[in-house]
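Here's the letter readout for the chains.
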Amino acid sequence: MNQHASASSPITPTNTIEPNPLALSYQPRRLRGAVLSVAWNLAWLALFLRAGLADPQSPWLHPAIAQPPGWPLYIIVFYFLYAIINFPIDLWYGYLHERQFGLVKQGLRAWGRDWAIGAAQHGLMFVIGSCLIILLQIHTPHAWLFYAAAAILALFLTSTFFAFDLIPAGLFQFEPADQPLVARLQRLIHPLATPLPRIVIFSHAELRDFSGGLAGLGPRQTLLISRPTIELASNALLRFVLLHEMGHRRFHHLLLGSLLGWAFVTTGLIVGDLFISRFAPGSLASPMYIPRLAMVITCSMIASHPLLAYLGHRLEYQADRFYLRHGGTPEEMKLALEELSRRNLARTDLTRRRQSIVQAMPTPARRLHAAEKYFTQFAEPPGH
Amino acid sequence: MLPLSRLVFRLTMWLPNLAARALRAEVGRPTAWFLPQGWV
């Protein structure tokens, strides 16, 4: 270990969580799957553009598909190709690999059905968003970027507001928490007196994770909790996750997240337009714009991933601090994180910032370190 | 909680963004992106 690395490592004897060998084997494969999948998509897209399939004069394309009223078909076929090309990787990493770790209990047919539902909903959103962009380019050629940004803001806010209602039917079993359970959970977060939002328990054949969180905004905000969490998790874990979620709720993190997402996407659209109007100006107001925009937005989302992860980590730390200010302790948090990591096969050995930045969540060791620091500096010692 | 980067990538499903599912490191988990994920 070099000097710089040891200086940036927050490991202390109190915040070390024993590494889980299964997680050490499982998590790198998931990361490899993600990297391979991005590279696979970009390679196919480059091939698609190189073969002239986004060129209106291409002999491969029927002329009707590039013009009104046939052009939405081009976008549908483009998405269909995307889904087919991704199927082998999805099958390998999402089914065969997960089964190897005992995380899939269902058969291939049931997985295939879920895959089709997921791909169809993604496809619907992809086609609606893409058609919207092309329609705006056709009807407001000079101000389309402005209208597209406004429409995307409205779409993002609406879909975040109705997030719980937009979960496709047939994937999960939902049950509202009954009164005794709500009362038990409310007692667990005492002394915080703020009422919990509506709580819904979700189950699925392959679900073993302790997972959940908030979905929806304002009056539609719902706290989703997986069935295994309610049935198997300790009180310490439930207290930690409930107060953590109440922190996200208190600081309006979902609304903040959709506004940030909109800012990133709008930047991607503007950068995309600069590139495309320079290198392929003829594709404006035609469906041929979509594969090019897909390339640019994909690259811009990859480039912005570290910044998004960093900002996301700030929100997680803020929610952890909310937990500590409302009766939580680093000791209880350590027990909860250990239990969560064991159950969800999360890695507990990543301690440096540069290891953490690709993860959607800050790593358990870093969260515990931050909690201990906060607790000794600002919170009253327990018993006072 | 749905961590920020996952929330943003889910929202970008509206746009032609081909890396969205992969960047959330949930390749091939058809049910994963609709719901908030784990707490670690």
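Residues numbered from 1 in each chain as written. Chains lettered and ligands numbered in written order. Predicted model: local features only at pLDDT ≥ 70, side-chain atom pairs only at ≥ 80, totals over all residues. Heavy atoms only, no water.

### Some remarks on the overall build of chain B
A tally of regular secondary structure across chain B gives 2 helices and 0 strands. Dimensions along the principal axes, computed over C-alpha positions, put chain B at roughly 30 × 20 × 15 Å. Here chain B holds 40 residues, and the buried ones make up 98% of them. Pairs at least 24 residues apart make up 32% of the contacts formed inside chain B by residues separated by at least 6 positions. (Helix = DSSP H or I, 4+ residues; strand = E, 2+ residues; numbered from the N terminus. Buried < 20%, exposed > 50% of the residue type's maximum accessible area, 1.4 Å probe, protein only. Contact = heavy atoms within 4.5 Å.)

### A few points about the nonpolar core
Formed by 115 residues in total, the largest nonpolar core has its most connected members in L185 and L340 of chain A. Split by domain, the residues of this core number at least three in each of domain 1 (10-168 + 252-377) and domain 2 (173-246) of chain A. When near neighbours in sequence (up to four residues on either side) are disregarded, L340 of chain A contacts F210, L237, F240 and V241 of chain A together with W39 and V40 of chain B. In terms of nonpolar packing, the next biggest core, distinct from the first, is built from 5 residues, A23, Y26, F101 and L103 of chain A among them. (Core = buried A, V, L, I, M, F, W, Y, C linked by side-chain atoms within 4.5 Å. Domains from an automatic or database assignment.)

### Considerations on the interface of chain B and chain A
Each partner contributes to the interface: chain B provides 36 residues, whereas chain A provides 82 residues. Three residues stand out in chain B for area buried against chain A, namely W14, L18 and W39 of chain B, and they jointly supply 19% of the buried area on that side. One can count 1 salt bridge joining chain B with chain A. Between R29 of chain B and E98 of chain A there is a salt bridge; the shortest N-O distance is 3.1 Å. Counting the contacts that link chain B with chain A gives 12 residue pairs in polar contact (both at pLDDT 80 or more). Per element, the largest residue contribution to the side of chain B that touches chain A is 8 residues, and it comes from helix α1 (residues 4-11) of chain B. For the side of chain B that touches chain A, the class distribution of residues is 24 nonpolar, 7 polar and 5 charged. (Buried area = accessible area lost by both parts, 1.4 Å probe. Salt bridge = Lys/Arg side-chain N within 4 Å of Asp/Glu carboxyl O. Polar contact = N/O pair within 3.5 Å; in protein donor to acceptor, adjacent residues only side chain to side chain. Nonpolar A, V, L, I, M, F, W, Y, C, P; charged D, E, K, R; others polar.)

### Looking at helix α13 (residues 364-377) of chain A
Given a rise of 1.5 Å per residue, 14 residues ought to cover 20 Å, and the 20 Å separating the end C-alpha atoms of α13 of chain A matches this to within 8%. The complete set of buried residues in α13 of chain A reads P364, A365, R366, R367, L368, A371, Y374 and F375 of chain A. (Expected span 1.5 Å × (residues − 1).)

### Focus on the packing of helix α8 (residues 235-250) of chain A against helix α10 (residues 289-325) of chain A
All names here are of chain A. Close contact between α8 and α10 brings their axes to 7 Å; oriented N to C, the two are set at 120°. For the crossing formed where α8 meets α10, the hand is right-handed. Residue-level contacts link R239, F240, L243, H244, M246, G247, H248 and R250 of α8 to L315, E316, A319, D320, F322 and Y323 of α10. Among the residues making up the contact of α8 with α10, the classes are represented as 7 nonpolar, 3 polar and 4 charged. (Axes fitted to C-alpha atoms, helices over the stretch in contact; angles between N-to-C directions. Left-handed = near helix turned anticlockwise from the far one by under 90°.)

### Digging into the pattern of salt bridges
Residues and elements named next belong to chain A. Under the defined criterion, the tally for this structure stands at 9 salt bridges over all chains. R227 is the salt-bridge partner of E231, the closest N and O atoms lying 3.9 Å from each other. With E231 and R227 both in helix α7 (residues 227-232) and 4 residues apart, the pair spans about one turn of that helix. R227 sits in the partly exposed class, given a relative accessible area of 21%. Salt bridges sharing partners connect three or more residues here, namely E175, R227 and E231.

### Considering the domain arrangement of chain A
Often, the extent of an interface is quoted as the loss of accessible area on bringing the components together. Residues and elements named next belong to chain A. We note that the domain assignment places domain 1 (10-168 + 252-377) and domain 2 (173-246) within chain A. For domain 1 versus domain 2, the distance between C-alpha centres works out to 25 Å. Taken together, the 33 residues of domain 1 in the interface contact 33 residues of domain 2. Interface area, domain 1 with domain 2, both sides summed: about 3,000 Å², of which 63% is carbon and sulfur. Taken as a group, F161, F164 and R343 account for 24% of the area that domain 1 buries against domain 2, more than any other trio of residues on that side. Our count for the domain 1 to domain 2 interface comes out at 2 salt bridges. The shortest N-O distance in the salt bridge between E332 and R239 comes to 3.1 Å. Mapped by element, the contributors of at least two residues to the side of domain 1 that touches domain 2 are α5 (144-161), α9 (253-279), α10 and α11 (330-344). Among the elements that take part in the side of domain 1 that touches domain 2, α11 stands out by supplying 8 residues, more than any other.

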